[in-house]
Amino acid sequence: MSDAYAQLLAATIQHLEVLKSRGVRHVPVRPETLAALAGTPVKPAARPAPLSFAAPPAPAPAPRPVAAPRPVPPPTPAPPPAPAPVAPAPVVPPPPSVVVRAPVAIPAAGDRAAAFAELRQRALACVQCPNLVASRRQVVFGVGNEAAELMFVGEAPGVEEDAQGEPFVGPAGQMLTKMIGAMGLSRAQVYIGNVLKCRPDTPGQKFGNRPPTPEEMATCVPFLQAQIDLIRPRVLVALGASAMAGLLGHPVKITGVRGRWLDYRGIPLMPTFHPSYVLRQQEAAGGLAVKRQVWEDLLAAMAKLGLPISDKQRNYFLKA
Ligand code: SF4
């Protein structure tokens with residue numbers, strides 16, 4: 001570069017700086033001038049290109065680096081389909097003959113007496129059924145030999161039992177007592193208990209009894225079960241449908257099971273009619289047949305216990 005050219009260029013730059021400081025943004029320049037500055041020939045027809053002080057156009061943005069494709073996580077395996085809700089198995093009451101439980105060790109006499117006393121105290125203080133507690137005169141726990149080989153189970157105390165505090169003391173109880181005597185036994189030799197220990201209330205009624213409800217029996221039956229566990233009789237006799245329902249926990253048609261040996265917690269169980277039913281049938285046609293049916297059930301219990309059975313006993317209630 002010659003000195004003259006350098007001076008010309010420096011002067012031009014200085015001049016442009018002055019213009020720029022005055023706010024001038026564009027300066028028209030003739031093509032020849034540009035060509036002279038650049039040292040290249042310029043076509044005369046070309047329009048003068050403006051010199052711009054504007055910021056040079058921004059360079060084209062560099063292409064954004066292409067991000068490496070994100071690793072695509074493998075598709076989450078779909079959770080295994082939830083198992084279809086299993087409909088609860090219908091509650092099928094076990095057949096009456098399948099109430100089995102491992103036999104309980106028979107407690108020693110002293111232990112049994114103490115356990116029985118404790119159980120009795122708990123029953124006497126029981127207030128689980130407020131309506132029955134409000135109406136009962138006393139809790140009817142049970143009566144008889146705590147080591148009996150034969151145990152009778154009824155449904156609930158009636159008005160006489162509630163008054164006396166002992167099961168089966170009314171007319172039906174007297175019938176039962178006679179039958180026990182016909183077996184050659186006494187009440188003191190057997191044990192008599194009910195599924196329900198308190199008399200079912202009869203609101204608005206001064207007389208009469210009512211059968212216990214399933215709920216009442218379910219609430220109270222643990223006391224009876226504990227009695228059975230402590231006594232461990234060799235034979236149980238259930239008196240009537242309510243007693244059976246209370247023992248088994250579901251309704252039972254007594255005519256369907258009467259006279260058939262069943263099993264209750266490992267103990268032979270003979271269902272028969274309730275003595276009050278025998279009493280009601282006594283005057284009706286066929287009353288003797290009902291009494292005979294009950295007697296045959298008791299004969300079967302005697303045979304199971306190995307009790308002697310005389311011919312006279314065998315023939316009870318066959319004819320009037
Ligand atoms: S009926 Fe049985 S469970 Fe109910 S209050 Fe009497 S003893 Fe308790």
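For the structure, check the block above.
All values derive from a computational prediction rather than experimental measurement.

In terms of regular secondary structure, the protein chain is built from 12 helices and 8 strands. Buried residues in the protein chain amount to 37% of all 320 residues. Residue pairs in contact within the protein chain that sit at least 24 positions apart in sequence constitute 70% of those at least 6 positions apart. Surface exposure of the protein chain reaches about 19,000 Å², of which carbon and sulfur atoms provide 62%.

Before going further, it helps to examine helix H8 (residues 241-248). For H8, the tally of buried residues reaches 7 of 8 residues, placing the bulk of the element in the interior. Among the residues of H8, those classed as buried are Ser-242, Ala-243, Met-244, Ala-245, Gly-246, Leu-247 and Leu-248. As for H8, its buried residues are in contact with strand E4 (150-154), helix H7 (214-231), strand E6 (235-239), helix H9 (254-257), strand E7 (262-264) and strand E8 (267-272). Once H8 ends, the next one or two residues include Gly-249, with phi positive near 85°.

Here Gly-193 shows up in strand E5 (residues 191-194). Residues Gly-193 and Phe-168, spaced 25 residues apart in sequence, show a C-alpha to C-alpha distance of 8.7 Å.

Quick look at the site of the ligand now. Around the ligand sit Cys-126, Gln-128, Cys-129, Leu-132, Val-133, Arg-136, Leu-196, Lys-197, Cys-198, Thr-219 and Cys-220, and those are all the residues in its vicinity. Elements with a minimum of two residues in the shell around the ligand: helix H4 (130-135) and H7. In the shell around the ligand, the residues fall into 7 nonpolar, 2 polar and 2 charged.

For the pair H7 and H8, the least separation of the axes is 9 Å and the interaxial angle reads 85°. By the angle between their axes, H7 is roughly perpendicular relative to H8. Residue-level contacts link Met-217, Val-221, Leu-224 and Ile-228 of H7 to Ser-242, Ala-245, Gly-246 and Leu-247 of H8. Of the residues in the contact of H7 with H8, the class split is 6 nonpolar, 2 polar and no charged.

Attention now moves to the packing of aromatic side chains. Enumeration according to the criterion identifies 6 aromatic pairs in this entry. Summarising the aromatic geometry, the rings of Phe-116 and Tyr-191 are spaced 5.6 Å apart at their centres and angled 70° between planes, so their arrangement reads as edge-to-face. Of the two residues, Phe-116 is situated in helix H3 (residues 109-124) and Tyr-191 in strand E5; the sequence distance between them amounts to 75 residues. Between Trp-295 and Phe-317, the aromatic rings sit 6.0 Å apart at their centres with planes inclined by 80°, giving edge-to-face as the arrangement. One end of the pair, Trp-295, is in helix H11 (residues 287-305); the other, Phe-317, is in the segment after helix H12 (311-314), with 22 residues separating them in the sequence. Among the aromatic residues, those joined into a cluster by ring pairs are Phe-116, Phe-141 and Tyr-191. Here the basic side chain of Lys-197 rests over the ring of Phe-141, its NZ or CZ set 5.8 Å away from the ring centre. Taking the ring centre of Trp-261 as reference, the NZ or CZ of Lys-304 above it sits at 4.7 Å.

Turning our attention to H3. Helix length check: H3 (16 residues) gives 22 Å between terminal C-alpha atoms against 22 Å at 1.5 Å per residue, within 8%. Buried within H3 we find Arg-112, Phe-116, Leu-119 and Ala-123. All buried residues of H3 project into a common sector of 65° when viewed along the axis, lining one side. Structural note: H3 exposes Gly-110 and Asp-111 on the side pointing more than 90 degrees away from its buried face. Buried-residue contacts for H3 involve E5 and H7.

What counts as what
- Residues numbered from 1 in each chain as written.
- Predicted model: local features only at pLDDT ≥ 70, side-chain atom pairs only at ≥ 80, totals over all residues.
- Heavy atoms only, no water.
- Helix = DSSP H or I, 4+ residues; strand = E, 2+ residues; numbered from the N terminus.
- Buried < 20%, exposed > 50% of the residue type's maximum accessible area, 1.4 Å probe, protein only.
- Contact = heavy atoms within 4.5 Å.
- Areas by Shrake-Rupley, 256 points an atom, 1.4 Å probe, with all protein chains shown as cover.
- Near = heavy atom within 4 Å.
- Nonpolar A, V, L, I, M, F, W, Y, C, P; charged D, E, K, R; others polar.
- Axes fitted to C-alpha atoms, helices over the stretch in contact; angles between N-to-C directions.
- Parallel < 35°, antiparallel > 145°, perpendicular 65-115°, else oblique.
- Phe/Tyr/Trp six-rings, centres within 6.5 Å; stacked < 30°, edge-to-face > 60°.
- Lys NZ or Arg CZ within 6 Å of the ring centre and 35° of its normal.
- Expected span 1.5 Å × (residues − 1).
- Arc of directions from axis to C-beta.

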